[in-house]
Amino acid sequence: MADEDQTVSPRHQIAADARRWLMAIYAGTADQAGFRAWLSASPAHARAYRQLEQAWRDLPLSEALDVEIRPKAVSRLRWLVPAALAASLLLCLGLGLAWKVSVAGNEGVPVLAYATEIGKLRAVTLPDGSTVALGADSAMAANFSSAARAITLDHGRAYFDIAHDASRPLTVMAGNASLHVLGTAFEVWKGPSGVRLSVTRGRVAVGVKDAPAYAASLGAGEQIIIHEDGSLTRITAFAEKDLLAWRQGRLVYRDAALADVVADMNRYRALPIKIGDPRVGVLRVTAAFRADQDEQILAGLAASQPIRLERTQDGVILRAKN
Amino acid sequence: MRVGMALVEESDSEQARPDVVALPSHAKTAAPSAVLEQLYRAHWRDICRRLRRIYGNGPPEPEDLAQAAFEKFAQLEDHERILHPRAFLIRIATNLGLNAIDRIRTARRFVERELVEACEPVVEENTPEDVYSIRERMAIVEKAMSRLTDKQKEILVRSRFRGETYAQIGEETGWSQADISRQLNAALAVLQQAMASGEE
């Protein structure tokens, strides 16, 4: 699919190819194998096509795309509209029937538990409308009453987008940390270094178990780690795009402890990686990779760090090179 | 009752947040229908008007599509948190219409599968991720639309919303298929530019 213009830059060429593929696909004339080959030929191809497809799908979101189309003389399209659904809606609106009758009453609300398997992510909507993106191999429980909202992150990581409710503050418990919010968005990650909080919207107050006062308060763009012994790191800035890349199946680290990186990698693989020497766990790593590229990353680590891989039946052990 | 407030622009200020979440939770079963009724009153006529501009008198009949869209919207788990219900309703309605066309339905599924394989999935519609990122994406298409000619907009509407082929568009408008293809290509280029500047 070459463009007519021979002088275009590679980036423009990729953009032009993406347009032609989209037009061919929706016209029903695309060579599917050819498209697959083009898509897999380069990440830049896949990215360019995804962006265009996304915008194409998003077109109905536009208010400005409100043009009048002259009526057709004869229709040649078949349309199916679920008339029964439509009728049932009218009934509900007209009679004011309840929608979610299965929702349980307030007091004695059972604790809701959510968990993900290795390599799987999950989107959760809580009873108050808050949403949680639960990372791989993670588990949390929610206990909401009329007076308070409590969530416990048992292990793994989760990105919370909490619905504002001044009358019902929300607390996330993770390890020895308690995080107090009204309406805000933030990520909590629990790993070898402790509990890490990264705030993307609003404010979060940080408490440490048994301490009478809040230990810190973070705003958007700020990050802190609460260690197991109750000590806190300085508040630092973080790149949201990198931090939340896991939601797109990528893991991104800047100067991170290898122990933390390995803990995350293990959330995507059946045979765990173990750290066989404390000197290995504290090595600092900067890396970005797809979660399923763990084997390549292991090979890269062995090549660039003072470590060697020992493969056993139960997984991989990282040992220090002597 | 101010439940309709839940649907206006997001804000950090306390009063802009809905009463819905402050209701005692035994009332929660009834709250969603109240929200919907509010939504229905606020948007029904406007949604029907917009659909009528796209589809004329049908088929599909704009009112039927709108009904089905409200029904589907009501089933979304987090519909109370959707800040731009109109955009969702229009998108649901037009997608329902397109689902009746085999060529489009097949193309959409094919693309979704291939992009997942390529690790570049499109945002799945009506998921929390979709709700979360929609404002940013609305801004991108809005920016692109402001740079299109009326002819390009009509071709976009005919092909993206009505699922018409170039031959069908040509028959109705008198434009040549080569011209339609060129115009659509140019409109897509404008979309790409808007996305590129939006993501940087």
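Everything discussed here concerns the structure shown above.
In short, a report on the structure. (Residues numbered from 1 in each chain as written. Chains lettered and ligands numbered in written order. Predicted model: local features only at pLDDT ≥ 70, side-chain atom pairs only at ≥ 80, totals over all residues. Heavy atoms only, no water.)

## Description of the environment of A:A18
Note that A:A18 resides in helix α1 (residues 10-27). Taking the C-alpha atoms as reference, A:A18 lies 9.2 Å from A:L39; in sequence the two are 21 residues apart. Setting aside anything within four residues of it in sequence, one finds A:A18 in contact with A:W38, A:A48, A:Y49, A:L52 and B:Q192. (Helix = DSSP H or I, 4+ residues; strand = E, 2+ residues; numbered from the N terminus. Contact = heavy atoms within 4.5 Å.)

## Here we look at the packing of helix α2 (residues 62-75) of chain B against helix α3 (residues 85-98) of chain B
All names here are of chain B. Across the interface, α2 lies against α3 with an axial gap of 8 Å and an inter-helix angle of 120°. Considering how the two elements wind past one another, α2 and α3 form a crossing that is right-handed. Seen from α2, the contacting residues are L65, A68, A69, F70, K72 and F73; seen from α3, they are P85, F88, L89, I92, A93, L96 and G97. Among the residues making up the contact of α2 with α3, the classes are represented as 11 nonpolar, one polar and one charged. (Axes fitted to C-alpha atoms, helices over the stretch in contact; angles between N-to-C directions. Left-handed = near helix turned anticlockwise from the far one by under 90°. Nonpolar A, V, L, I, M, F, W, Y, C, P; charged D, E, K, R; others polar.)

## Here we look at helix α5 (residues 128-145) of chain B
Side chains of residues three or four places apart in an α-helix project in the same direction, reflecting 3.6 residues per turn. Residues and elements named next belong to chain B. Compared with an ideal rise of 1.5 Å per residue, which puts 18 residues at 26 Å, α5 spans 26 Å between its outermost C-alpha atoms and is within 8% of the ideal. At I134, α5 shows its maximal bend, which comes to roughly 55°. Those residues of α5 that fall on the buried side of the exposure criterion are P128, D130, V131, S133, I134, R137, M138, I140, V141, A144 and M145. (Expected span 1.5 Å × (residues − 1). Bend = angle between axes of the 7 residues up to and from the residue. Buried < 20%, exposed > 50% of the residue type's maximum accessible area, 1.4 Å probe, protein only.)

## Some thoughts on the sheet that holds strand β15 (residues 273-275) of chain A
Residues and elements named next belong to chain A. Read across the sheet, three strands follow the order β15-β18-β17 without closing on themselves; strand pairing throughout is mixed. For this open sheet the edge positions go to β15 and β17 (307-312), each flanked by a neighbour on one side alone. This sheet shows a mean twist of 30° between the axes of neighbouring strands, independent of strand direction. Pairing analysis gives three bridges linking β15 to strand β18 (residues 315-320), with the strands arranged parallel. From the neighbouring strand, I275 faces β18, where its bridge partner is L318. (Pairing = 2+ DSSP bridges.)

## Some thoughts on the packing of α1(A) against helix α3 (residues 43-58) of chain A
Residues and elements named next belong to chain A. Between α1 and α3, the shortest axis-to-axis distance is 9 Å and the interhelical angle comes to 55°. As judged from the angle between their axes, α1 and α3 are oblique. Two packed elements cross with a definite hand, and for α1 against α3 that hand is right-handed. Facing α1, whose interface residues are I14, A18, R19, W21, L22, I25 and Y26, α3 presents A44, H45, A48, Y49, L52, E53, W56 and R57. Residue composition of the contact of α1 with α3, grouped by class: 11 nonpolar, one polar and three charged. (Parallel < 35°, antiparallel > 145°, perpendicular 65-115°, else oblique.)

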